Amino acid sequence: MTFHWKLVVDSADPHAQAEFWSAVLEYEVEDNAALIERLLGFGALSEAETVEFRGRRAFRDLIAVRHPEDPVEEGTGTGQGRRILFQRVPEAKAGKNRLHIDVHVGPERREAEVERLTGLGARVLDTVKSQGGAWVVMADPEGNEFCLQ
């Protein structure tokens, strides 16, 4: 038996992180407006727990991005495949990531992608060349490390 899973990333601004990572990965930002409306109608969610994002109602403290080819639960807008969920936390990032994302673009596109991602708010931390290959260590706008291979 296999399990459904998602990667959860703590963040100061989940919506900005969702914008960044959806652009990096060419993923779609999930639209949970229908679910939010239902939860508001039941009284299970307050207006203060929502924000307007891209002209639709969104959760204030969390938002996900998903692979555009993966299935979506129609009633909630929740992806049923490859997803990254960004959740608001009060504390800032401290220390090195224990888990990170590797973005595989290939050596022929790496330089152009570094330029594109720095334009989106990423920064280059290191360039690595070893017997195992070459990659660029980058940080997203909140300082989370990832590798561009």
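Worth saying up front: this structure is predicted, and the values here are computed from it rather than measured.

## Examining the layout of surface pockets
So, step 1. Here the largest pocket is characterised by a volume of approximately 500 Å³.
So, step 2. Residue lining of the largest pocket: 25 residues in total, with Val 9, Asp 10, Lys 93, Asn 97 and Asn 144 positioned closest to the centre.
So, step 3. Within the residue set of the lining of the largest pocket, elements represented by two or more residues are strand E1 (7-11) and strand E8 (83-88).
So, step 4. For the lining of the largest pocket, the per-class residue count stands at 12 nonpolar, 5 polar and 8 charged.

## Side note on helix H1 (residues 14-25)
So, step 1. With 12 residues, H1 extends 16 Å between its outermost C-alpha atoms, agreeing within 8% with the 16 Å of an ideal straight helix rising 1.5 Å per residue.
So, step 2. Residues of H1 that are buried include every one of Pro 14, His 15, Gln 17, Ala 18, Phe 20, Trp 21, Ser 22 and Val 24, and no others.
So, step 3. Residue Glu 26 follows H1 closely and has a positive phi angle near 60°.

## Topic: the side chain of Asp 140
So, step 1. Counting through the fold element by element, Asp 140 comes out in the loop between strand E11 (133-139) and strand E12 (145-148).
So, step 2. For Asp 140, which is buried and forms no salt bridge, the nearest opposite charge comes from Arg 123, at a distance of 7.3 Å.
So, step 3. A distance of 3.1 Å separates polar atoms of two side chains, one belonging to Asp 140 and the other to Trp 21.
So, step 4. When residues no more than four places from it in sequence are discounted, the contact partners of Asp 140 are Gln 17, Phe 20, Trp 21, Gly 121 and Phe 146.

## Overview of unusual backbone geometry
So, step 1. For Glu 26, which is not a glycine, the phi torsion comes out positive at approximately 60°.
So, step 2. Among the structural elements, Glu 26 can be located in the loop between H1 and strand E2 (28-29).
So, step 3. Owing to a relative accessible area of 57%, Glu 26 belongs among the exposed residues under this scheme.
So, step 4. One non-glycine residue with positive phi stands out, namely Arg 54, at about 55°.
So, step 5. Assignment of secondary structure puts Arg 54 in the loop between strand E3 (50-53) and strand E4 (56-59).

## What to know about the pairing of strand E10 (residues 123-130)
If a strand is regular, its side chains alternate between the two faces of the sheet.
So, step 1. By the bridge criterion, 7 bridges tie E10 to E11 in an arrangement that is antiparallel. Bridge assignment links Val 124 to a residue of E11, and that residue is Met 138.
So, step 2. Counting the residues that bridge the hairpin from E10 to E11 gives 2 residues.

## Some remarks on the packing of H1 against helix H3 (residues 107-120)
So, step 1. As a packed pair, H1 and H3 sit with axes 10 Å apart at the nearest point and diverge in direction by 165°. Considering the angle they form, H1 stands roughly antiparallel to H3. Here H1 and H3 pass one another in a crossing that is right-handed. For the pair formed by H1 and H3, the contact residues are Phe 20, Ala 23 and Val 24 on the first element and Arg 116, Leu 117 and Leu 120 on the second.
So, step 2. Here the contact of H1 with H3 is built from residues that sort into 5 nonpolar, no polar and 1 charged.

What counts, and where the lines are drawn
- Residues numbered from 1 in each chain as written.
- Predicted model: local features only at pLDDT ≥ 70, side-chain atom pairs only at ≥ 80, totals over all residues.
- Heavy atoms only, no water.
- 1 Å grid on protein atoms, 1.4 Å probe; cavity = no way out; pocket = protein on both sides within 12 Å on 5 of 7 lines; lining within 4 Å.
- Points joined across faces, edges and corners; volume = space filled by probe spheres on them.
- Helix = DSSP H or I, 4+ residues; strand = E, 2+ residues; numbered from the N terminus.
- Nonpolar A, V, L, I, M, F, W, Y, C, P; charged D, E, K, R; others polar.
- Expected span 1.5 Å × (residues − 1).
- Buried < 20%, exposed > 50% of the residue type's maximum accessible area, 1.4 Å probe, protein only.
- Lys, Arg positive; Asp, Glu negative; His and termini not counted.
- Salt bridge = Lys/Arg side-chain N within 4 Å of Asp/Glu carboxyl O.
- Polar contact = N/O pair within 3.5 Å; in protein donor to acceptor, adjacent residues only side chain to side chain.
- Contact = heavy atoms within 4.5 Å.
- Pairing = 2+ DSSP bridges.
- Axes fitted to C-alpha atoms, helices over the stretch in contact; angles between N-to-C directions.
- Parallel < 35°, antiparallel > 145°, perpendicular 65-115°, else oblique.
- Left-handed = near helix turned anticlockwise from the far one by under 90°.

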